[in-house]
Amino acid sequence: EGVLLTHGATGIIGEKEVGKSLIALEIEHSLITGEPLWGTITPNIRVEKTVHFLAEHASRILMGLFQRTGLTTTRKMRVFGPEHLGSMKLLVSNGTRREEAVNFYKRLAEGAGLVVFDPLAAFIQGEAAENDNSPMRNLVDTMVEIAGSTGAACIILGHQGKPQIFQGRTIKRGSYATRGASATEDAMSAVHYLDKLSGVSVGGNSVFELRPIHYKGRRQPAFQLIRDHDTCIHQLNTSFKIKSND
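As a starting point, this report considers the structure included with it.

About the criteria used
- Residues numbered from 1 in each chain as written.
- Predicted model: local features only at pLDDT ≥ 70, side-chain atom pairs only at ≥ 80, totals over all residues.
- Heavy atoms only, no water.
- Salt bridge = Lys/Arg side-chain N within 4 Å of Asp/Glu carboxyl O.
- Helix = DSSP H or I, 4+ residues; strand = E, 2+ residues; numbered from the N terminus.
- Buried < 20%, exposed > 50% of the residue type's maximum accessible area, 1.4 Å probe, protein only.
- Axes fitted to C-alpha atoms, helices over the stretch in contact; angles between N-to-C directions.
- Left-handed = near helix turned anticlockwise from the far one by under 90°.
- Contact = heavy atoms within 4.5 Å.
- Nonpolar A, V, L, I, M, F, W, Y, C, P; charged D, E, K, R; others polar.
- Core = buried A, V, L, I, M, F, W, Y, C linked by side-chain atoms within 4.5 Å.
- Pairing = 2+ DSSP bridges.

1. Topic: the pattern of salt bridges
For step 1, the next point in the chain: Within this structure, the stated rule accounts for six salt bridges.
For step 2, the next point in the chain: Put simply, arginine 179 and glutamate 130 hold a salt bridge, and the shortest N to O gap is 3.0 Å. Of this pair, arginine 179 sits in the loop between β10 (169–171) and α6 (183–186) while glutamate 130 sits in the loop between β7 (124–125) and α5 (133–148), and the two are 49 residues apart along the sequence.
For step 3, the next point in the chain: Residue arginine 179 is classed as partly exposed on the basis of its relative accessible area of 34%.
For step 4, the next point in the chain: With relative accessibility at 22%, the residue glutamate 130 sits in the partly exposed group.
For step 5, the next point in the chain: When the shortest N-O distance is used, the salt bridge between arginine 211 and glutamate 209 registers 3.9 Å.
For step 6, the next point in the chain: According to the relative accessible area criterion, glutamate 209 is buried, its value standing at 16%.

2. Description of the packing of helix α1 (residues 20–33) against helix α2 (residues 59–69)
The angle between the axes and the distance between the axes are what describe a pair of packed helices.
For step 1, the next point in the chain: Direction vectors running N to C along α1 and α2 enclose 65°, while the axes themselves pass 10 Å from each other. In the crossing of α1 with α2, the sense of the turn from one axis to the other is right-handed. Residues Ser21, Leu22, Leu25 and His29 of α1 form the contact with α2, whose own contacting residues are Leu62, Leu65, Phe66 and Thr69.
For step 2, the next point in the chain: Looking at the contact of α1 with α2 residue by residue, the class counts come to five nonpolar, three polar and no charged.

3. Some details on the nonpolar core
For step 1, the next point in the chain: Residues Phe53, Leu91 and Phe117 are the most contacted members of the largest nonpolar core, which totals 40 residues.
For step 2, the next point in the chain: Taken together, the elements giving at least two residues each to this core come down to β1 (9–14), β2 (50–54), α4 (99–109), β6 (114–118), α5, β8 (153–159) and β11 (190–202).
For step 3, the next point in the chain: Excluding anything up to four places from it in sequence, phenylalanine 53 contacts Phe80, Leu85, Tyr105, Leu108, Ala109, Val115, Val116, Phe117, Asp118 and Phe123.
For step 4, the next point in the chain: Leu37, Phe66, Ile155 and Leu236 belong to the second-largest nonpolar core, a separate cluster that totals 29 residues.

4. A short note on the sheet that holds strand β13 (residues 223–227)
For step 1, the next point in the chain: With mixed pairing, the nine strands of this open sheet are ordered in space as β3-β2-β6-β8-β1-β11-β12-β13-β14. Of all the strands in the sheet, the pair left with one neighbour each is β3 (77–80) and β14 (234–236). Averaged over all pairs of adjacent strands, the angle between their axes in this sheet comes to 25°, without regard to strand direction.
For step 2, the next point in the chain: In the sheet, β13 pairs with β14 via three bridges, with the strands oriented antiparallel.

5. Quick look at the environment of leucine 71
For step 1, the next point in the chain: Along the polypeptide, leucine 71 turns up in the loop between α2 and β3.
For step 2, the next point in the chain: A sequence separation of 32 residues divides leucine 71 from glycine 39, and the C-alpha atoms of the two residues are 12 Å apart.
For step 3, the next point in the chain: Residues within four places of leucine 71 in sequence aside, it is in contact with Glu26, His29, Phe66 and Ile233.

6. What about the sheet that holds strand β4 (residues 92–93)?
For step 1, the next point in the chain: With respect to topology, three strands assemble into an open sheet ordered β5-β4-β7, the strand pairing being mixed. Looking at which strands have only one partner, the edges of the open sheet turn out to be β5 (96–97) and β7.

7. Quick notes on the pairing of strand β12 (residues 205–215)
For step 1, the next point in the chain: Burial within β12 is extensive, with eight of its eleven residues counted as buried.
For step 2, the next point in the chain: Judged from the nine bridges that link them, β11 and β12 form a sheet pairing that is antiparallel. Within β12, the position partnered with histidine 192 by the bridge is proline 212.
For step 3, the next point in the chain: From the end of β11 to the start of β12, which pair antiparallel, there are two residues, and glycine 203 there has a positive phi angle of about 60°.
For step 4, the next point in the chain: Strand direction decides the pairing type here: β12 and β13, joined by five bridges, are antiparallel.

Fair warning: the whole summary comes from geometry, so function is off the table for now.
Structure (structure tokens):
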């Protein structure tokens, strides 16, 4: 409720290395095991399998992050990295949808209750691809179609554009902060921004905020997440309001 929509695409958008993949792994684990997300939010349903398509780096890096969390190991979380996707990695190239690749992804996603695409920009190629509304909408629609082909929910992880600096202060957009074309967010059914709260810590642990920007449903207030320094596991802050020093 308020985190992930069953239909359409739910985007989690943040700066590089802010923890987007980590959030996705926690959601996947919660849906498979039924364990409360961030120690608090019990999933409405459970799924038999999740599929995480990682289009940059390598699957071992993502699995290393999961092992660091200490979450219960399950064979129901499938990760396909660039080493598995190979020449089929790109879903849209030079503005054209690659049907052979789409069918390849659909086969890998069979039986999943949740499909994650990580990160958005790595599945498209072409001149000014990220900045062109038409191919980016095509890409998001294609990802939703792949997830929908097996009845799965869809999470898309994406990068924020570079913030502006004005009089020494960082100014971030309150909406349409996703890097590139504005149609990217328009094509998603829900969009959350993930940010680290500057100058804020609890017990030596950093605090992050997952803020719903667009949400076709009952939108919740921002989720404030305390990230354990050692395990990176999040706990939802429900006891008091934390304000950034920015």
